[in-house]
Structures are given as C-alpha cells and as structure tokens.
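Residues per chain, in single letters:
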Amino acid sequence: MNKFMNEAKAVMSSSMPKEAKLQAMEKIATRMNYIVNDSAKFIASDEFQQLPETRAEAEEESEKDDRTAESSGEEKPLEDMEKLK
C-alpha cells in the first residue's frame, strides 16, 4: 500500500496534464483493488484458516516437519543447497 501511496503522490506532484494524471491514478487504484480483493479471498480461504496463529506455533510446526523429514530420510533444503555448492 505504501508503494501505491508513493506512486499516487508522484503522479499528483508531476507536471502531467490533468487527464494523464487521472488515467495514472485510475491505474494505481485498479492495481490496488486487485491486491485488496485477492487478500480478502485468501483470508476467507481454508488455507489461511489452517495457518498457525502465532510465531511460536509456526516454529513448532517447522521443527516438527524437520524431525519428520530427518526420520524419513528426506534432506532439508539447506542440505540440498550445500551439496550443490
């Protein structure tokens, strides 16, 4: 949203003709609306509802996934990157 606000300020303070400013502002508003709508859809989704509520829960879940991967013989992404080096 800050990016859009900065773009809007730049458009308004530019020396563009009034009609060009209006068109530029409409484009900014359209892009902003897409993001707001997509965010609202995601927040209403089951995927969002299943996310951990706190950082501690997320870290615990990540550690659990790491332990599961270790016990199943799967390698962690960082280990894969080290092998590539």
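Located above this text is the structure these notes cover.
Residues numbered from 1 in each chain as written. Predicted model: local features only at pLDDT ≥ 70, side-chain atom pairs only at ≥ 80, totals over all residues. Heavy atoms only, no water.

Asker: What is the right way to look at the overall build of the protein in this model?
Answerer: Across its full length, the protein holds five helices and zero strands. For the protein, the sequential pattern of α-helices and β-strands runs α-α-α-α-α. Counting all 85 residues of the protein, 8% fall into the buried class. (Helix = DSSP H or I, 4+ residues; strand = E, 2+ residues; numbered from the N terminus. Buried < 20%, exposed > 50% of the residue type's maximum accessible area, 1.4 Å probe, protein only.)

Asker: Honestly, a negative patch on the surface in this entry has me stumped. Any pointers?
Answerer: A cluster of like negative charges, contributed by Glu53, Glu57, Glu59, Glu60, Glu61, Glu63, Asp65 and Asp66, occupies part of the molecular surface. Position of Glu60 among the secondary structure elements: in helix α4 (residues 55-72). (Patch = residues over 30% accessible without salt bridge, like charges linked within 9 Å, V, L, I, M, F, W, Y side chains within 5 Å. Areas by Shrake-Rupley, 256 points an atom, 1.4 Å probe, with all protein chains shown as cover. Salt bridge = Lys/Arg side-chain N within 4 Å of Asp/Glu carboxyl O. Lys, Arg positive; Asp, Glu negative; His and termini not counted. Charge placed at Lys NZ, Arg CZ, Asp CG, Glu CD.)

Asker: Sorry if this is basic, but what is going on with the packing of helix α1 (residues 2-13) against helix α2 (residues 18-44) here?
Answerer: For any two helices packed against each other, one specifies the inter-axial angle together with the distance between the axes. Following both chains from N to C, one finds α1 and α2 inclined at 175 degrees, their axes separated by 10 Å at the closest point. If you check the angle between α1 and α2, you find them roughly antiparallel. Of the residues in α2, those in contact with Lys3, Phe4, Glu7, Ala8, Val11 and Met12 of α1 are Lys21, Ala24, Met25, Ile28, Arg31, Met32 and Ile35. (Axes fitted to C-alpha atoms, helices over the stretch in contact; angles between N-to-C directions. Parallel < 35°, antiparallel > 145°, perpendicular 65-115°, else oblique. Contact = heavy atoms within 4.5 Å.)

Asker: In this structure, what is going on with the packing of aromatic side chains? I would like to understand it.
Answerer: The way to describe two aromatic rings as a pair is by their centre distance and the angle between their planes. Overall, the coordinates contain one aromatic pair when judged by the stated rule. With 5.4 Å between their ring centres and 75 degrees between their planes, Phe42 and Phe48 make a pair best called edge-to-face. The class for Phe42 is partly exposed, based on a relative accessible area of 35%. A relative accessible area of 33% means that Phe48 is categorised as partly exposed. (Phe/Tyr/Trp six-rings, centres within 6.5 Å; stacked < 30°, edge-to-face > 60°.)

Asker: Sorry if this is basic, but what is going on with the pattern of salt bridges here?
Answerer: Pairing between side chains becomes possible if they bear opposite charge and their charged atoms approach one another. This model, assessed by the stated rule, comprises one salt bridge. Among the ionic pairs, Glu7 bridges to Arg31, the shortest N-O distance being 2.9 Å. A residue pair is termed long-range when its members are at least 10 positions apart, and Glu7 in helix α1 and Arg31 in helix α2 qualify at 24 residues.

Asker: Whenever I open this one, α1 confuses me. Can you help?
Answerer: Think of an α-helix as turning once every 3.6 residues; residues three or four places apart then point the same way. Relative to the 16 Å expected for 12 residues at 1.5 Å per residue, α1 spans 16 Å between its end C-alpha atoms, a close match to the ideal helical length. Residues of α1 that are buried sit in contact with α2. (Expected span 1.5 Å × (residues − 1).)

Asker: Mind showing me how you'd approach the side chain of Lys21 here?
Answerer: Along the chain, Lys21 turns up in helix α2. It is Glu19 that comes nearest to the buried, bridge-free Lys21 among opposite-charge side chains, at 12 Å. Residues contacting Lys21, with those up to four places away along its chain left out, are Val11, Met12, Ser14 and Met16.

Asker: Got a minute to help me understand the nonpolar core in this structure?
Answerer: Generally speaking, a soluble globular protein has its nonpolar side chains buried in company with each other. Grouped together as the largest cluster of nonpolar side chains are five residues: Phe4, Ala8, Val11, Ala24 and Ile28. Looking at this core, the elements that each hand over two or more residues are α1 and α2. Residue contributions to this core peak at three residues, all from α1. With residues up to four places along the chain from it excluded, the contact list for Ala8 reads Met25 and Ile28. (Core = buried A, V, L, I, M, F, W, Y, C linked by side-chain atoms within 4.5 Å.)

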